[in-house]
Amino acid sequence: MKSFDELAASVMFTQVKGMTKLIKYDPSLDFIGEGRSAVVFRIQSSDYALKVFFPNQEQTAIEEAEIYQQLQTISYFPTIYGSGHNYIVIDYIEGITLFDCLRSGIRISPEHIQEADHALAAARESGLNPSDIHLKNIMITKTGEIKLIDVARFRQIKNCSQWDDIKLAYFRFYKRIYSPKGIPDYFLNMISNLYKKPVVQKWFAHFYH
Ligand SMILES: Nc1ncnc2c1ncn2[C@@H]1O[C@H](COP(=O)(O)OP(=O)(O)O)[C@@H](O)[C@H]1O
Ligand SMILES: [Mg+2]
């Protein structure tokens, strides 16, 4: 296997109309996902996931590596094996995000929500302030365990109500909208766009006071 440094250096991006696009990467990498700050690959024949940050997000690589180090005693978070100026290497998680569960009709149980709650409580006990907790950053493994990824914003000072809002939505609406056929993308995107509106966030906040 090539070194982590070499593999990360093989990943090339370009800018198209202000958007970062992935153009090239080593053939021993399998693309597994993309977010707002990075692309993620599985290193073939291994259980490593290589997360390479976009050129304008390199500071986040350092931040996320430090935060994973702080979470190493908590089993809900992947182990970190290495990092560089623009990448981290963590456990590859064989599983599915909660977002894809909704899309594909895989049932999310109340126990899964409870487990994610435990994971976040454990992170808080270790002195962090979990933020940016959304459905694409929570995974259910093949054996039904919960794993949390994308921890770069766990040192944020501002309190984030996103997870409380997800729990509220789960317990109030999930049974009504669940479908074994999955929920169409346009509907999920509509909900996610609605949630970004301050008026909707205020509406959620209403429930807590
Ligand atoms: N360790 C991992 N194992 C399996 N899939 C992963 C792993 N890390 C990330 N992914 C996939 O890649 C996507 C983007 O990764 P993420 O760390 O959330 O990037 P970003 O910080 O840009 O949001 C995730 O939503 C998930 O689908
Ligand atoms: Mg993410």
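Rules and cut-offs
Residues numbered from 1 in each chain as written. Chains lettered and ligands numbered in written order. Predicted model: local features only at pLDDT ≥ 70, side-chain atom pairs only at ≥ 80, totals over all residues. Helix = DSSP H or I, 4+ residues; strand = E, 2+ residues; numbered from the N terminus. Rg over C-alpha atoms; globule rule 2.2 N^0.38 Å. Buried ≥ 20, exposed ≤ 12 C-beta atoms within 10 Å, placed from the backbone. Contact = placed C-beta atoms within 7 Å. Domains from an automatic or database assignment. Nonpolar A, V, L, I, M, F, W, Y, C, P; charged D, E, K, R; others polar. Pairing = 2+ DSSP bridges. Axes fitted to C-alpha atoms, helices over the stretch in contact; angles between N-to-C directions. Near = placed C-beta within 6 Å. Core = buried A, V, L, I, M, F, W, Y, C linked by C-beta atoms within 7 Å.

An unreviewed UniProt entry annotates the protein as Protein kinase family protein originating from Bacillus mesophilus.

Turning to the overall build of the protein, a few remarks are in order. From N to C terminus, the protein includes seven helices and ten strands. What you see for the protein is a C-alpha radius of gyration of 18 Å, in line with the 17 Å of a compact globule of 209 residues. Here the C-alpha coordinates of the protein stretch approximately 50 × 35 × 35 Å along the principal axes. Evaluated residue by residue, the protein yields a buried proportion of 27% over its 209 residues. Within the protein, contacts between residues separated by at least 24 positions form 61% of all contacts whose residues are at least 6 apart in sequence.

With that settled, consider the domain arrangement of the protein. Partitioning the protein into structural domains gives domain 1 (4–91) and domain 2 (95–193). Using C-alpha coordinates to define each centre, domain 1 is positioned 21 Å away from domain 2. Listed by partner, the interface residues are twelve residues for domain 1 and 15 residues for domain 2. For the side of domain 1 that touches domain 2, the residue count by class is seven nonpolar, three polar and two charged.

In this section: the sheet that holds strand β7 (residues 87–91). The five strands lie next to each other as β3-β4-β5-β7-β6, forming an open sheet whose pairing is antiparallel. Edge strands, defined here as strands with exactly one partner in the open sheet, are β3 (29–34) and β6 (80–84). Geometrically, the sheet is characterised by an average inter-axis angle of 25° between neighbouring strands, direction not taken into account. Two elements, β3 and strand β4 (residues 38–43), share five bridges in a ladder whose sense is antiparallel. Bridge pairing in β4 links D30 to R42. On the sheet, helix α2 (residues 58–70) packs against β5 (48–53), β6 and β7 and is oriented at approximately 35° with respect to β7.

This part is about the pairing of β4. Taking the residues that link successive antiparallel strands as the turn, the β3-β4 hairpin has three residues. Here β4 runs beside β5; their pairing, made up of five bridges, is antiparallel. Considered in β5, the bridge of A38 is made with F53. Joining the antiparallel neighbours β4 and β5 is a turn of four residues, in which S45 adopts a positive phi near 55°.

All right, on to the site of ligand 1 then. Not every one of the 20 residues close to ligand 1 is listed here, only the nearest: G33, G35, A49, I93 and D150. Put simply, the parts of the chain that give the shell around ligand 1 at least two residues each are β3, β4, β5 and β7. Here the residues of the shell around ligand 1 are counted per class, giving nine nonpolar, five polar and six charged.

With that settled, consider the environment of F53. Following the sequence through the fold, F53 ends up in strand β5. Look at F53 and you get buried, because 27 C-beta atoms sit within 10 Å. With residues near it in sequence (within four places) discarded, F53 still touches S37, A38, E58, T60, A61, N86 and Y87.

Membership of the largest hydrophobic core comes to 42 residues, with the highest contact counts inside it found for L50, V52, Y68, Y87 and V151. For this core, the leading source of residues is β5, giving five residues. Inspection of this core shows a minimum of three residues originating in each of domain 1 (4–91) and domain 2 (95–193). Those residues in contact with V52, other than ones at most four positions away along the chain, are A8, V11, A38, V39, N86 and Y87.

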